[in-house]
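Understanding the architecture of this molecule
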Amino acid sequence: MAITPAIALTIAGSDSGGGAGIQADLKTFAFHGVHGTSAITCITAQNTIGVTDVVALNSAMVTAQIEAVVKDIGVQAVKTGMLLNEKIMAAVLTAAAIGRLPNWVLDPVMVSRTGVQLIDDGAIAFLQKQLIPLAQILTPNRYEAEILSGLEITDLATMEQAAQKIHQLGCGAVLVKGGAMTGTLQGVDVWFDGERLEILKTECIQTPHTHGTGCTLSAAIAARLALGDPPFQAVNKAKTYVTEALKHSLAIGQGTGPVGHFYPILP
């Protein structure tokens, strides 16, 4: 008997190493029983050691992919990751403005977890002013939260202040991620939705193989939203999933391996 599953769309870059980006998102959607669709923004040549080349798709092709999915299949939630440049961001903005991106989880992908800026200042400004106000949930890491809030984040108090300040940009809720924090704050996240300020803690997993953690978290949140979970519950379930995936991370390649998206069936 045929079934009609929940549908989620990821708008992000392709990771040839299979640990992050579109590949991580689709694995995460599948784990949650959600049918994954995609709009690829750029193609990267990368592995566990690093990225050696990036080619952006033109914005018209990004739009065409989004329209092909939403007009025929329809989606219950959307996650955006690496958007790379202002033209691609403008294409996403157009889709969002006409209601094509329900339950939008925006992973800003501006600065890596190690502090390396990934997009130029113009694209950061566009994302901040044009895209963030339309997102339901924003998931910045420590360094992205510093840029968006204008605050230096050094402890739990400044994480909380940053979440509240970023929320003023207009998004529905902010999850400031603590993966780049140190000591007891590593992996501790801060949630703020305009009313509720919460500290979210899960078991801290010590592993060198963390590639794709941010992509996986935002995709898991989108999957839970597509299944009908309220935003705060979706975030908590997504954090639990990522924690388990980190426990079963993959020691592949010569560098930083990815999390184990399908940990229940791994040998």
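Residues numbered from 1 in each chain as written. Predicted model: local features only at pLDDT ≥ 70, side-chain atom pairs only at ≥ 80, totals over all residues. Heavy atoms only, no water.

Moving on: the packing of helix H7 (residues 213-226) against helix H8 (residues 231-247). Interaxial distance between H7 and H8 falls to 8 Å at its minimum, and their mutual angle equals 135°. By the angle between their axes, H7 is oblique relative to H8. Helix-helix and strand crossings are classified by hand; for H7 and H8 the assignment is right-handed. Listed contacts from H8 to Thr 213, Thr 216, Leu 217, Ala 220, Ile 221, Arg 224 and Leu 225 of H7 are Pro 231, Ala 234, Val 235, Lys 237, Ala 238, Lys 239, Tyr 241, Val 242 and Leu 246. (Axes fitted to C-alpha atoms, helices over the stretch in contact; angles between N-to-C directions. Helix = DSSP H or I, 4+ residues; strand = E, 2+ residues; numbered from the N terminus. Parallel < 35°, antiparallel > 145°, perpendicular 65-115°, else oblique. Left-handed = near helix turned anticlockwise from the far one by under 90°. Contact = heavy atoms within 4.5 Å.)

As a further point, take the packing of helix H3 (residues 86-97) against helix H4 (residues 121-131). At a minimum axis separation of 9 Å, H3 and H4 run at an interaxial angle of 10°. When the axes of H3 and H4 are compared, the pair comes out roughly parallel. As for the relative orientation of H3 and H4, their crossing is right-handed in sense. Two secondary-structure elements touch here, H3 through Glu 86, Met 89, Ala 90 and Leu 93 and H4 through Gly 122, Ala 123, Phe 126, Leu 127, Gln 130 and Leu 131. Classifying every residue of the contact of H3 with H4 gives seven nonpolar, two polar and one charged. (Nonpolar A, V, L, I, M, F, W, Y, C, P; charged D, E, K, R; others polar.)

Further remarks concern unusual backbone geometry. Most of the time, phi is negative for any residue but glycine, and the peptide bond is trans. Residues other than glycine seldom take positive phi values, yet Leu 84 does so here, at roughly 75°. On the secondary structure map, Leu 84 appears in the loop between strand S4 (77-80) and H3. Its identity is not glycine, yet Val 109 carries a phi of approximately 40°, on the positive side. Under the relative-accessibility criterion, Val 109 is labelled buried at 16%. (Buried < 20%, exposed > 50% of the residue type's maximum accessible area, 1.4 Å probe, protein only.)

Following the criterion strictly, the structure yields four aromatic pairs and no others. Relative to Tyr 241, the ring of Phe 31 has its centre 4.6 Å away and its plane inclined at 40°; by these criteria the two rings are tilted. Remark: Tyr 241 occurs in helix H8 and Phe 31 occurs in helix H1 (residues 21-31); sequence separation between them is 210 residues. With 5.3 Å between their ring centres and 35° between their planes, Phe 31 and Tyr 263 make a pair best called tilted. One end of the pair, Phe 31, is in helix H1; the other, Tyr 263, is in the segment after H8, with 232 residues separating them in the sequence. Using a relative accessible area of 28% as the deciding quantity, one classes Phe 31 as partly exposed. Joined through ring pairs, the aromatic side chains of Phe 31, Tyr 241 and Tyr 263 make up one cluster. Across the ring face of Phe 232, the terminal group of Arg 196 is positioned such that the distance to the ring centre comes to 3.8 Å. (Phe/Tyr/Trp six-rings, centres within 6.5 Å; stacked < 30°, edge-to-face > 60°. Lys NZ or Arg CZ within 6 Å of the ring centre and 35° of its normal.)

Let us now look at the pairing of strand S9 (residues 197-200). Here strand S8 (residues 189-192) runs beside S9; their pairing, made up of four bridges, is antiparallel. Across the sheet, Val 190 pairs through a bridge with Ile 199, a residue of S9. Linkage of S8 to S9, two consecutive antiparallel strands, is achieved through a turn of four residues, within which Gly 194 is found at a positive phi near 100°. (Pairing = 2+ DSSP bridges.)

What follows concerns H3. The end-to-end C-alpha distance of H3 is 16 Å, a good match for the 16 Å that 12 residues give at a rise of 1.5 Å each. Within H3, burial applies to Ile 88, Met 89, Ala 91, Val 92, Leu 93, Ala 95 and Ala 96. For H3, the side-chain oxygen to backbone nitrogen distance between the N-cap and Lys 87 is 3.2 Å, and the N-cap itself is Asn 85. Looking one or two places after H3, you find Gly 99, whose phi comes out positive at around 80°. (Expected span 1.5 Å × (residues − 1). Polar contact = N/O pair within 3.5 Å; in protein donor to acceptor, adjacent residues only side chain to side chain.)

Moving on: the pattern of salt bridges. Applying the stated criterion to the full structure yields 10 salt bridges. A salt bridge links Glu 67 to Arg 100, with the shortest nitrogen-to-oxygen separation between them at 3.2 Å. With Glu 67 in helix H2 (residues 59-72) and Arg 100 in the loop between H3 and strand S5 (104-106), the pair connects residues that are 33 residues apart, well separated along the chain. Taken together, the salt bridges that share partners define one network made up of Glu 67, Lys 71 and Arg 100. (Salt bridge = Lys/Arg side-chain N within 4 Å of Asp/Glu carboxyl O.)

This brings us to the nonpolar core. One recurring pattern in soluble globular proteins is that nonpolar side chains are buried together. Core analysis: the biggest nonpolar cluster contains 49 residues, and Ile 11, Trp 104 and Leu 131 have the highest contact counts within it. The biggest single contributor to this core is H3, with six residues. When near neighbours in sequence (up to four residues on either side) are disregarded, Leu 131 contacts Leu 83, Met 89, Leu 93, Trp 104, Leu 106 and Phe 126. Ala 8, Ile 205, Tyr 241 and Val 242 belong to the second largest nonpolar core, which has 30 residues in total. (Core = buried A, V, L, I, M, F, W, Y, C linked by side-chain atoms within 4.5 Å.)

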